[in-house]
Amino acid sequence: MATVNQNMFGASITQPPGGPQLMVLPLNLIAEIVSHVDDTGDLSRLVRTCRVLNYMALPQLYRNLTLTSYDKIRYRGEQPEGIGSASPFTMGLNAIITRSYAPLVQSITLRGEWKEHELEEHARVGRVPDGSMLLNIAARAAVDRMTNLECFHWELNTKMLDTVFIGLTQLPKLTSLTIRFPSTRHPQPTFVIPGMPHLRCLKITDIDPLCYPDDIATLLCNSRKLRELKLHWSPRMRDAHESSVSLHDYFRKLIASKQKLAVRKISFQNLYAFHNDDFNLAFDPTTVEDVTFLSGVENSSLVNTFIESSWPTVPPHARLRIKSVRIDTVSKRNSEFIGNFTGLERLYFVNVTAESSDLLNCPRPGGGASSPALTPPVSEHQLSGALSGATTNSPNTSASPASQLNATANMRDLYLSHITTNHGATLRHLLLPSKWPLSTGMVARLVHSCPNLEQLALATEFASLDSLALLIPFLRKLKAIRLLIPQTSGQSTNAPVNSALKASPSARGLSALDTIKMVQETFANAKTLAEVVDIDDSILTEMLSYDLGNQQVYGNVKIISMGWKAWELKEFYKSPVPSDTEINKESPSPTNGHNAFLETTAESPVPTQGTNGVGLSVPDQPAVAHKSPDTQTTHISSWTHQSGTRPGLPSTLGKRSRDQDDSETPRPPPSCPPTFNRREDCEDAAPFYPGCYPYTLSEDGFVWRRRARRVGWEALRHWEIWALDAQEI
């Protein structure tokens, strides 16, 4: 790296006249702060700030390097990228080769589109284009200088030549390798990829026998430390029903040497091949702990079934140690495989396939209903199509809707039976398909059989949301909840109400009482979860703040999502018991008795059991002090008599009114706060009345609430039930 001035740490740093700055902190504390900066732009600006920050941020800036090539010149405003020099891709390679930054690089990714000129002419005469050869020479020069390189990713659309392969074998610390084969059918030279003794993770994508891929048999045979293998084939062969993949070509040297690969994680995508004993002879089944099999299709046609039926459903070895299974297709054969062993800890059913993108439940940027503005970018036409369950390219379009529903229900019941019976005691992560709406009994059985769940994603019948809210608190270890919108949901029937509730409170131009009435009407008439999710973010956030305010029940829950919206749950805090003053100014009280009750309870709260935010009484919640038993009895009867005139808002997890409780113990009166301050997650600073929410009382008479912040993909990508719901290995 660049030479550091030896007097840098001995220089005295005085406080400037403008006030305290970062440089007055101890150097180890500055280094700790800089280590948490992830954005590349922020790191580059820190490097250019001063010598101290340059010294501390430069290793982090070059630790993980990603260079992207584009086949066209890109512009930032009116200025082209790389003006006065070359493209950022080539200038990045130049910095590694010609400057002293190469030893700082631990991971490098070369990706994008490399434009090859006159490829057909060169292929006709048996030559490699000069542009491709020069690219590989530059990459080899960079590899030779990156002595501390641990991960190398070649994700360019052009072929990686033998020059780079030989350079990679000389790196003593290389443990991860990703290779993307070209998708062109022009004749190109093929190489035998040499073995890399320290390699632990190997990922190869876009394998197509007709596109001249390199031979990986030697690489698999000589990489004895390999623990993770990911193979991705081109979907062209499955679409064309072309079973041109021969597993023997990849594992022949392992079979000949009688040395099985002791891998822990196997990921196959778009594999379309016959099964034979070569697969069992190449891998040790007792060491495999993580299995991923993605086919990219929602339903298998007859030809695909004929090919895949050669794969066994009974495990070849009785001592399997599989801990994680991730699949995107459901079939009777797959369910039988899951039912033939025990001890599964993570099970993911990928909802996104090549035929359906599941817009209603996908929070990824550009891939679903999430955007930087945290609003659903899908059009009304797309949303209606998704709500109606319409899909394209379905192979079973000739089947009747009733038969399809029966087949889906039977398949769901078969999987749930194997999950609860074989893996319930050990299961920690569970992602179920959105096309499986669960009833109350199914959810209860799942919760009872899987008490150790930490991350749960499921779709439920809309009428069972209340039961779901009652059952989730029994999962004491639950940290992440994802409520999926079923694909069979009907179209919205509350379009006028929902359109008015989509806007912010100030933009609606409605009074507080009108807003509360509209929310109540939406919950009362809602037919699908999508209609609830479509309500304005500020209203849903306020409701979650009250619903999840019981620390004993929801203390471990960190994040929750409904459809395409997600909230991060933060600390618990106390707030005063809301009063009904402002609402009464806008709406005259029904009776004087109700007003008398409100005035008295402002001085003496009603003793009550705590509520857990889902309409469930919590006996261990302490009661609130009151003045006298006689006054208490009078006020309770008065409030009970008038409770029907002021129904409270339902929970965001259900549509039952919170004032309708089976318990004989009276609840606190429904009330609304006069004003609310501007929240962290809402840009609207206008006064807002969230309605008559259920709340949990504390010992000192305050209301327990929880801070909820609307988040996007930057927070969800760290949780498996969202991150692994994609067609990626």
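Residues numbered from 1 in each chain as written. Predicted model: local features only at pLDDT ≥ 70, side-chain atom pairs only at ≥ 80, totals over all residues. Heavy atoms only, no water.

Looking at an unreviewed UniProt entry, the protein chain carries the name F-box domain-containing protein, with the source organism given as Penicillium vulpinum.

Asks: Tell me about the overall build of the protein chain, residues and numbers included.
Replies: Looking only at helices and strands, one finds 28 helices and 22 strands in the protein chain. Residues classed as buried in the protein chain amount to 48% of the 729 residues present. In the form shown here, the protein chain has an accessible surface area of approximately 33,600 Å², with 52% of it arising from carbon and sulfur atoms. (Helix = DSSP H or I, 4+ residues; strand = E, 2+ residues; numbered from the N terminus. Buried < 20%, exposed > 50% of the residue type's maximum accessible area, 1.4 Å probe, protein only. Areas by Shrake-Rupley, 256 points an atom, 1.4 Å probe, with all protein chains shown as cover.)

Asks: Describe unusual backbone geometry, and please don't skip the residues or the numbers.
Replies: A positive phi angle, near 55°, is found at glutamate 118, a position not held by glycine. Mapping glutamate 118 onto the fold places it in the loop between strand E4 (107-112) and helix H5 (119-125).

Asks: Give me the nonpolar core: which residues, what numbers.
Replies: Leu110, Phe152, Leu168 and Phe251 are the most contacted members of the largest nonpolar core, which totals 75 residues. With 7 residues, the single largest contributor to this core is helix H3 (residues 51-63). Not counting the four nearest positions on each side in its chain, phenylalanine 251 is found in contact with Leu220, Phe279, Ala282 and Phe283. Within the second largest apolar cluster, 57 residues are counted, among which are Val447, Leu478, Trp564 and Trp567. (Core = buried A, V, L, I, M, F, W, Y, C linked by side-chain atoms within 4.5 Å. Contact = heavy atoms within 4.5 Å.)

Asks: Residues and numbers for the pattern of salt bridges, please.
Replies: For the structure shown, the criterion picks out 22 salt bridges. Glutamate 454 is the partner of arginine 428 in a salt bridge, and the nearest nitrogen-oxygen pair spans 3.4 Å. In this pair, arginine 428 sits in the loop between helix H15 (401-422) and strand E13 (429-431) while glutamate 454 sits in the loop between helix H16 (440-449) and strand E15 (455-460), placing the two residues 26 residues apart along the sequence. Among the residues examined, arginine 428 registers a relative accessible area of 25% and is labelled partly exposed. Close ionic contact of aspartate 700 with lysine 574 constitutes a salt bridge, the shortest N to O distance being 3.3 Å. Within this pair, whereas aspartate 700 is found in the loop between strand E21 (696-697) and strand E22 (703-711), its partner lysine 574 is found in strand E18 (residues 565-575), the two being separated by 126 residues in sequence. We classify lysine 574 as partly exposed; its relative accessible area is 40%. (Salt bridge = Lys/Arg side-chain N within 4 Å of Asp/Glu carboxyl O.)

Asks: Give a description of helix H7 (residues 162-169) that names residues and reports values.
Replies: Looking only at H7, the buried set comprises Val164, Phe165, Gly167 and Leu168. For H7, the angular spread of the buried residues around the axis is 165°, confining them to a single face. On its buried face, H7 sits against helix H6 (130-145), strand E5 (151-156) and strand E6 (176-180). (Arc of directions from axis to C-beta.)

Asks: Give a description of the packing of helix H2 (residues 40-47) against H3 that names residues and reports values.
Replies: Contact pair H2 / H3: the axes reach a minimum separation of 8 Å and the direction vectors enclose 150°. Of the possible angle classes, the one that applies to H2 and H3 is roughly antiparallel. Along this stretch, H2 crosses H3, giving a crossing that reads as left-handed. Every residue of H3 that contacts H2 at Thr40, Leu43, Ser44, Leu46 and Val47 is listed here: Leu53, Asn54, Ala57, Leu58, Gln60 and Leu61. Within the contact of H2 with H3, the residues separate by chemical class into 7 nonpolar, 4 polar and no charged. (Axes fitted to C-alpha atoms, helices over the stretch in contact; angles between N-to-C directions. Parallel < 35°, antiparallel > 145°, perpendicular 65-115°, else oblique. Left-handed = near helix turned anticlockwise from the far one by under 90°. Nonpolar A, V, L, I, M, F, W, Y, C, P; charged D, E, K, R; others polar.)

Asks: Break down the confidence of the model for the protein chain for me, with residues and values.
Replies: Residues at a pLDDT of 70 or more form 68% of the protein chain, whose mean pLDDT is 74. The low-confidence segment residues 490-497, where pLDDT is below 50, has 19 contacts with residues more than four positions distant or belonging to other chains. Within the model, the stretch residues 581-649 combines pLDDT values under 50 with 141 contacts to residues more than four positions away or in other chains. (pLDDT = per-residue confidence, 0-100.)

Asks: If you had to explain a positive patch on the surface to someone new, which residues and values would you point to?
Replies: Side chains of Arg200, Lys225, Arg264 and Arg321 sit close together on the surface and give a patch of like positive charge. Mapped onto the fold, lysine 225 is located in the loop between helix H8 (217-222) and strand E8 (228-233). (Patch = residues over 30% accessible without salt bridge, like charges linked within 9 Å, V, L, I, M, F, W, Y side chains within 5 Å. Lys, Arg positive; Asp, Glu negative; His and termini not counted. Charge placed at Lys NZ, Arg CZ, Asp CG, Glu CD.)

Asks: Describe the packing of aromatic side chains, listing the residues and the values that go with them.
Replies: All chains considered together, the criterion is met by 10 aromatic pairs. With a centroid separation of 5.7 Å and 75° between ring planes, the pair formed by tryptophan 233 and phenylalanine 268 is classed as edge-to-face. Placement of the pair is tryptophan 233 in strand E8 and phenylalanine 268 in strand E9 (residues 265-269), with a sequence separation of 35 residues. Taken together, a centroid distance of 6.4 Å and an interplanar angle of 80° make the contact between tyrosine 250 and phenylalanine 251 edge-to-face. As far as the burial class goes, tyrosine 250 and phenylalanine 251 line up, both buried. Through successive ring pairs, a cluster of aromatic residues spans Trp233, Tyr250, Phe251, Phe268 and Phe283. Geometry around tyrosine 573 places arginine 707 over its ring, the cationic atom sitting 4.2 Å from the centre. (Phe/Tyr/Trp six-rings, centres within 6.5 Å; stacked < 30°, edge-to-face > 60°. Lys NZ or Arg CZ within 6 Å of the ring centre and 35° of its normal.)

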